[in-house]
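Working through the structure, step by step
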Amino acid sequence: MTDTHDDTQALPDFPYHPDPVATGSIAPSDTECICCERVRGFIYLGPVYAVDEIDEELCPWCIADGSAAERFGAQFTEVEGVVPLDTVRAIEQRTPGFSGWQQERWLTHCGDGAIFRGHAGAAELAPHPDAIAAIEADLDRYRRAPAQVDHFMSSLDKDGQPTGYAFECRICGAWLAYADFT
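What counts and how
Residues numbered from 1 in each chain as written. Predicted model: local features only at pLDDT ≥ 70, side-chain atom pairs only at ≥ 80, totals over all residues. Heavy atoms only, no water. Helix = DSSP H or I, 4+ residues; strand = E, 2+ residues; numbered from the N terminus. Contact = heavy atoms within 4.5 Å. Areas by Shrake-Rupley, 256 points an atom, 1.4 Å probe, with all protein chains shown as cover. Lys, Arg positive; Asp, Glu negative; His and termini not counted. Charge placed at Lys NZ, Arg CZ, Asp CG, Glu CD. pLDDT = per-residue confidence, 0-100. Disulfide = S-S within 2.5 Å. Phe/Tyr/Trp six-rings, centres within 6.5 Å; stacked < 30°, edge-to-face > 60°. Buried < 20%, exposed > 50% of the residue type's maximum accessible area, 1.4 Å probe, protein only.

1. Describing the overall build of the protein chain
- On a plain count of helices and strands, the protein chain comes out with six helices and seven strands.
- Listing each helix as α and each strand as β along the protein chain from the N terminus yields β-β-α-α-α-β-β-β-α-α-α-β-β.
- For the protein chain, contacts bridging at least 24 residues in sequence account for 62% of all contacts bridging at least 6.
- Looking at the protein chain as shown, the accessible area adds up to about 9300 Å², and 49% of this sits on carbon and sulfur atoms.
- Charge-centre separation for the protein chain: the mean point of 12 positive side chains lies 6 Å from the mean point of 31 negative side chains.

Shown next, in the form of C-alpha cells:
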C-alpha cells in the first residue's frame, strides 16, 4: 500500500532526539517504509540492529510508535548508564539512533537518557566545558600524556575523525560527550 506524503505532516516527537533531521538521522525521501508500507516523505538513515538487514527502509513514525522494533526485533542504539527500563526501551526501540565511527552509545545523566545534540568537533564543544571534561575523563582510561590529550581534543572534527557526539542532560542541562575515531 503506497501513500503519498503530506507536506504539512510533522515528524513524530522524539524527546531524546528532538531534531533528527538536523543531526542527519532522518532525511526527506520517497522510499516506502518496509514496516508500514507507506511513503511518508522521510526515512531513517541511522543504524538498525536487527536479525534482518535493514538499510534506510524505515520511516520515523514506525520508529516512534515502536512498530519497527516490534516487527523486526530492531534496536537503534545502545544506552550507556543506569536508567529505568522504560527509558532504555524508549531510547533503544523508539528513538532514531545516529551514525558513528565505532559502536554508538547513548549517554545518560541524572537518572535519565540525555538528549542527542549531534556530531561535534572542537568548535562545537568549545562552549561546553562539561562536555570537554567528559571526553577528557574518557581519555584518562588510556593514560595519554597531556600533550596527546590536547592534540586529540583540538583535532575533533564534526564531519571527520576523530569526532565527538554531544548530548545534553534533560534534567540539569549539563552537556556530555564522548569521542571515537578509527
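2. Focus on the confidence of the model for the protein chain
- For the protein chain, the mean per-residue pLDDT works out to 91, and 94% of the residues sit at or above 70.
- Residue range residues 1-8 is modelled with pLDDT below 50. Its contacts to residues more than four positions away, or to other chains, number 14 contacts.

3. Regarding the state of the cysteines
- Per the stated rule, a full pass over the model turns up zero disulfides.
- The cysteine Cys 35 is free of any disulfide, with Cys 62 supplying the nearest cysteine sulfur at 3.8 Å.
- Left without a disulfide partner, Cys 62 is nearest to the cysteine sulfur of Cys 59, which lies 3.7 Å away.

4. Describing the packing of aromatic side chains
- All chains considered together, the criterion is met by 10 aromatic pairs.
- Relative to Phe 116, the ring of Phe 98 has its centre 4.1 Å away and its plane inclined at 10°; by these criteria the two rings are stacked. On the criterion of sequence distance, the pair formed by Phe 98 in the loop between α3 (85-94) and β3 (108-109) and Phe 116 in strand β5 (residues 115-120) is long-range, its members being 18 residues apart.
- Look at Trp 106 and Phe 167: their rings are 5.5 Å apart centre to centre, the planes differ by 75°, and that puts the pair in the edge-to-face class. Of this pair, Trp 106 sits in the loop between α3 and β3 while Phe 167 is found in strand β6 (residues 163-168), placing the two residues 61 residues apart along the sequence. We note that Trp 106, like Phe 167, is buried.
- Feature note: the residues Phe 98, Trp 106, Phe 116, Tyr 165, Phe 167 and Tyr 178 constitute an aromatic cluster, connected by ring pairs.

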